[in-house]
Amino acid sequence: MSSFFNMDSPLWRFLGRLADIMILNIVFLITCIPIVTIGAAWTSLSYVTLKMSRDEESYIVKSYFKAFRQNFRQATVIWILTLAVMLIFYMDFHIIRNMASSMVQIMYVLLSAIALLFGLTLLYVFPVLAKFDNTILNTIKNAFLISISNLPRTLLMLVVIVGSAVLTFLSQQTIAVGLLVWTMIGFALIAFLNAHILVKIFDRYIPD
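Residues numbered from 1 in each chain as written. Predicted model: local features only at pLDDT ≥ 70, side-chain atom pairs only at ≥ 80, totals over all residues. Heavy atoms only, no water.

Turning our eyes to something else, we now look at a nonpolar patch on the surface. Together, Ile 95, Met 99, Met 103, Ile 106, Met 107 and Leu 110 line one region of the surface with nonpolar side chains, adding up to about 530 Å² of accessible area. The greatest single-element share of the nonpolar patch, amounting to three residues, is contributed by helix H4 (residues 104–131). Positionally, Met 107 belongs in helix H4. (Patch = residues over 30% accessible without salt bridge, like charges linked within 9 Å, V, L, I, M, F, W, Y side chains within 5 Å. Areas by Shrake-Rupley, 256 points an atom, 1.4 Å probe, with all protein chains shown as cover. Salt bridge = Lys/Arg side-chain N within 4 Å of Asp/Glu carboxyl O. Helix = DSSP H or I, 4+ residues; strand = E, 2+ residues; numbered from the N terminus.)

Under the counting rule described, the total for this entry stands at four salt bridges. With its nearest N and O atoms 3.8 Å apart, the salt bridge here joins Arg 17 to Asp 20. Linking Arg 17 with Asp 20, this pair stays in helix H1 (residues 10–32), spanning three residues, or about one helical turn. Under the relative-accessibility criterion, Arg 17 is labelled buried at 16%. On the accessibility criterion, Asp 20 (22% relative accessible area) is partly exposed. Arg 54 is the salt-bridge partner of Asp 203, the closest N and O atoms lying 2.2 Å from each other. One end of the pair, Asp 203, is in the segment after helix H7 (172–202); the other, Arg 54, is in the loop between helix H2 (38–53) and helix H3 (60–97), with 149 residues separating them in the sequence. Judged by relative accessible area, which is 39%, Asp 203 ranks as partly exposed. Overall, Arg 54 belongs to the partly exposed group, its relative accessible area being 31%. Beyond isolated ion pairs, a larger network of salt bridges with shared partners links Arg 17, Asp 20 and Asp 55. (Buried < 20%, exposed > 50% of the residue type's maximum accessible area, 1.4 Å probe, protein only.)

On to the nonpolar core. In this structure, Leu 24, Tyr 64, Tyr 124 and Phe 202 are the most contacted members of the largest nonpolar core, which totals 43 residues. Looking at this core, the elements with two or more residues in it are H1, H2, H3, H4, helix H5 (136–149) and H7. Tallying contributions element by element places H7 first for this core, with ten residues. In contact with Leu 24, not counting residues within four places along its chain, are Leu 45, Val 48, Thr 49, Met 52, Ile 60, Tyr 64 and Ala 188. If you look at the next biggest cluster of nonpolar residues, it comprises five residues, including Phe 89, Ile 96, Val 104 and Leu 111. (Core = buried A, V, L, I, M, F, W, Y, C linked by side-chain atoms within 4.5 Å. Contact = heavy atoms within 4.5 Å.)

A few words now on the confidence of the model for the protein chain. A residue-level look at the protein chain finds 95% of positions with pLDDT of 70 or above and a mean pLDDT of 92. The secondary structure element of the protein chain with the lowest average pLDDT is H1, at 91, and the one with the highest is H5, at 97. (pLDDT = per-residue confidence, 0-100.)

Right, dumping it as structure tokens:
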């Protein structure tokens, strides 16, 4: 019975970690509200979860806003570029759907492949920004190269994200439950799970 009240027990460590992730999720959602700050919020979420995966974090909220301030400019520029690229993809897909040409299927496949590469790069660009000091251009380039050179782990992270989204939209009931889960813990939990993959990847690029 005494072990139950031991703050160093596995149960209490698990509950403490769960509470940290819930707090982190709430802070992340609040800082995403202006929309334009999503890039900085994503970077800060990556910064904290990368530290959490190594048990290096101390104060969750303090570390989050420290990373938010430090990376705000670069993260915001990258996020605006991301939105612009997404808009271009949307317009291109819309144009292709309304084309009457024998090349439509080929063009659709090619555009889908490019969009996939963009998505894989997006998985890394804000974590890379959180972990490494670099220019915006080099951050994007390195995110692309890392995503391709670590393709199995990249696809694993993609499965975690896409799988979670698919489970959310299976039915009206799962949407209702999913909305609650995403609001309480979802975004930070996925970032935390993927952080365990990212630290193994990033270790390869950090000098001993």
